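# Survey of secondary and tertiary structure
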Amino acid sequence: MAATTEFLTQLRQIHQDLGIPASYLEQPPLPLCREPEVLVDTSPDFYQRPQKLIPAAHQGWLEMRAAAAREDVVLHLISAFRGIAYQRDLIHKHLQNGRPLVEILQVVAAPGFSEHHTGRAIDLGTDNCRPLQEEFEKTDAFQWLVERAGEFGFAMTYPRDNPFGISYEPWHWCFRDQQ
Ligand SMILES: [Zn+2]
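Below you will find a few notes about this structure. (Residues numbered from 1 in each chain as written. Predicted model: local features only at pLDDT ≥ 70, side-chain atom pairs only at ≥ 80, totals over all residues. Heavy atoms only, no water.)

## Observations regarding the side chain of Ser79
Topologically, Ser79 is positioned in strand β3 (residues 76–79). Ser79 sits in the buried class, given a relative accessible area of 8%. Non-local contacts of Ser79, meaning those with residues more than four positions away in its chain, are made with Gln51, His116, Ala121, Ile122 and Asp123. (Helix = DSSP H or I, 4+ residues; strand = E, 2+ residues; numbered from the N terminus. Buried < 20%, exposed > 50% of the residue type's maximum accessible area, 1.4 Å probe, protein only. Contact = heavy atoms within 4.5 Å.)

Rendered as structure tokens:
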């Protein structure tokens, strides 16, 4: 409980610094996402940057990628774990570029609310498709994910018209604990 209070105090400060209204934390549009205790190195991403996930999500991702490859479907990892500080810096960068906060929060979750904090979320891409673009939904890789990702514990978090007010993200998949 104390840890949660401390966490919220930190978040409140970060939000305040970014100019996010206090009402966001009082009635968050997204579930709170904590950073995990344990992260492991997963496969490097498409740009050869090191990436981390929680162990179960790492395992699920490797199995899913291998299963896709067996059916000639290429899945690239674009991004995995991203911490709260990263999210803060990202929003800060958008603000510096003159983008209005309301607009930023439609595409970037506020610090403390990105599923990438949990080490369970992955952004995926494939060949001949610009990363993190809606056109991903037209690829074979996306079709394959819709049909098969569930077997490996992954689900899409932000489908069209999701209740979170986050724009459609066909590339974003999150590891749920397998049944
Ligand atoms: Zn994502």
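## Some words on the sheet that holds β3
Read from one edge of the open sheet, 4 strands run β3-β4-β6-β5, paired in antiparallel fashion. Whereas interior strands pair on both sides, the edge strands pair on one side only; in this sheet they are β3 and β5 (154–156). Each strand of the sheet is rotated relative to its neighbour by a mean of 45°, with strand direction disregarded. Here 3 bridges tie β3 to strand β4 (residues 121–125), and the two strands are oriented antiparallel to one another. Note on β4: the bridge partner recorded for Leu77 is Leu124. (Pairing = 2+ DSSP bridges. Axes fitted to C-alpha atoms, helices over the stretch in contact; angles between N-to-C directions.)

## Re the layout of surface pockets
If you add up the space inside the largest pocket, you get close to 620 Å³. Surrounding the largest pocket, 30 residues form its lining, Arg82, Val107, Asp123, Leu132 and Trp171 being those nearest its centre. Mapped onto the lining of the largest pocket, the elements with two or more residues apiece are β3 and α4 (84–96). The greatest single-element share of the lining of the largest pocket, amounting to 4 residues, is contributed by α4. When grouped by side-chain class, the residues that make up the lining of the largest pocket number 14 nonpolar, 9 polar and 7 charged. (1 Å grid on protein atoms, 1.4 Å probe; cavity = no way out; pocket = protein on both sides within 12 Å on 5 of 7 lines; lining within 4 Å. Points joined across faces, edges and corners; volume = space filled by probe spheres on them. Nonpolar A, V, L, I, M, F, W, Y, C, P; charged D, E, K, R; others polar.)

## Points about the environment of Thr118
Checked against the element boundaries, Thr118 lands in the loop between α5 (101–107) and β4. Its relative accessible area of 15% is what places Thr118 among the buried residues. On a C-alpha basis, the gap between Thr118 and Phe81 in space is 6.9 Å, while along the polypeptide they are 37 residues apart. Aside from chain neighbours lying at most four places away, what touches Thr118 is Cys33, Arg34, Pro36 and Ile54. A polar side-chain atom of Thr118 sits 2.7 Å from the main-chain carbonyl oxygen of Glu115. (Polar contact = N/O pair within 3.5 Å; in protein donor to acceptor, adjacent residues only side chain to side chain.)

## Concerning the coordination of the zinc ion
For the zinc ion, the protein coordination sphere consists of His116 (NE2), Asp123 (OD) and His172 (ND1), at 2.0 to 2.1 Å. Written as a sequence motif, the donor arrangement for the zinc ion is H-x6-D-x48-H. His116 gets classed as buried once you look at its relative accessible area, which sits at 2%. (Donors = N, O, S within 2.8 Å, 3.2 Å for Na, K, Ca; no water.)

## Thoughts on the packing of aromatic side chains
In this structure the tally under the stated criterion is 7 aromatic pairs. An aromatic cluster is built from Phe136, Phe142 and Trp173, whose rings are joined through pairwise contacts. In this arrangement the basic side chain of Arg34 is found over the ring face of Phe7, its NZ or CZ atom lying 4.1 Å from the centre. (Phe/Tyr/Trp six-rings, centres within 6.5 Å; stacked < 30°, edge-to-face > 60°. Lys NZ or Arg CZ within 6 Å of the ring centre and 35° of its normal.)

## What about the nonpolar core?
Among the nonpolar cores identified, the biggest contains 26 residues, and Met64 and Ile122 are the most heavily contacted of them. Listed by contribution, the elements that provide at least two residues to this core are α3 (55–70), β4, α6 (140–148) and β6 (172–175). At 5 residues, α3 tops the list of elements feeding residues into this core. Leave out the neighbours within four places in its chain, and Ile122 touches Leu53, Trp61, Met64, Leu77, Ser79, Ala80, His116, Phe154, Trp171, His172 and Trp173. (Core = buried A, V, L, I, M, F, W, Y, C linked by side-chain atoms within 4.5 Å.)

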